[in-house]
Amino acid sequence: DLHRRVIDTLARCHEGQALDLSLRVGELARRDVPSVVRQATALKTGALMSLSALAGARAAGADASRVTRLARFGLEVGVALQM
């Protein structure tokens, strides 16, 4: 399961990088910029921080509910860190 999550995270990181490199912020409607930036950030730094929190929780023997909550927390920390 952890191996699959690592692979999924790497795929999301590549998707975020592709989004980041393919869009020109100046060509987006102003109202769309925050959501596009958040999505790219969540796919890159957020995904990596989420994986880190998830792996730590799993290694510590946390139950599935706590692992899920910590992975979500890691995602938000990653987005905040990047912002």
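Everything numeric here is computed off the predicted structure, so don't read it as measured data.

**Q** So what about the confidence of the model for the chain? Which residues, and what values?
**A** Taken as a whole, the chain shows an average pLDDT of 94; of its residues, 100% reach a score of 70 or greater. At the level of individual helices and strands, the chain shows its lowest average pLDDT in helix α1 (residues 2–22), which scores 94, and its highest in helix α3 (residues 64–82), which scores 96.

**Q** Help me get a handle on a nonpolar patch on the surface, residues and values and all.
**A** A cluster of nonpolar residues, Leu2, Val6, Ile7 and Leu10, forms a patch on the protein surface that exposes about 300 Å² of accessible area. With respect to the helices and strands, isoleucine 7 occurs in helix α1. Isoleucine 7 sits in the partly exposed class, given a relative accessible area of 45%.

**Q** Describe helix α2 (residues 33–59), with residues and values.
**A** With 27 residues, α2 should cover 39 Å at 1.5 Å per step; its first-to-last C-alpha distance of 37 Å lies within 8% of that length. The largest bend in α2 is about 40°, located at glycine 46. Of the residues trailing α2, glycine 61 is marked for its positive phi of about 85°.

**Q** Describe in detail α3, supporting the description with residues and values.
**A** The terminal C-alpha atoms of α3, which comprises 19 residues, lie 27 Å apart, in line with the 27 Å expected from a rise of 1.5 Å per residue. Residues of α3 that are buried in the fold lie against α2. The N-cap residue of α3 is aspartate 63: its side-chain oxygen and the backbone nitrogen of serine 65 are 3.1 Å apart.

What counts and how
- Residues numbered from 1 in each chain as written.
- Predicted model: local features only at pLDDT ≥ 70, side-chain atom pairs only at ≥ 80, totals over all residues.
- Heavy atoms only, no water.
- pLDDT = per-residue confidence, 0-100.
- Helix = DSSP H or I, 4+ residues; strand = E, 2+ residues; numbered from the N terminus.
- Patch = residues over 30% accessible without salt bridge, like charges linked within 9 Å, V, L, I, M, F, W, Y side chains within 5 Å.
- Areas by Shrake-Rupley, 256 points an atom, 1.4 Å probe, with all protein chains shown as cover.
- Salt bridge = Lys/Arg side-chain N within 4 Å of Asp/Glu carboxyl O.
- Buried < 20%, exposed > 50% of the residue type's maximum accessible area, 1.4 Å probe, protein only.
- Expected span 1.5 Å × (residues − 1).
- Bend = angle between axes of the 7 residues up to and from the residue.
- Contact = heavy atoms within 4.5 Å.
- Polar contact = N/O pair within 3.5 Å; in protein donor to acceptor, adjacent residues only side chain to side chain.

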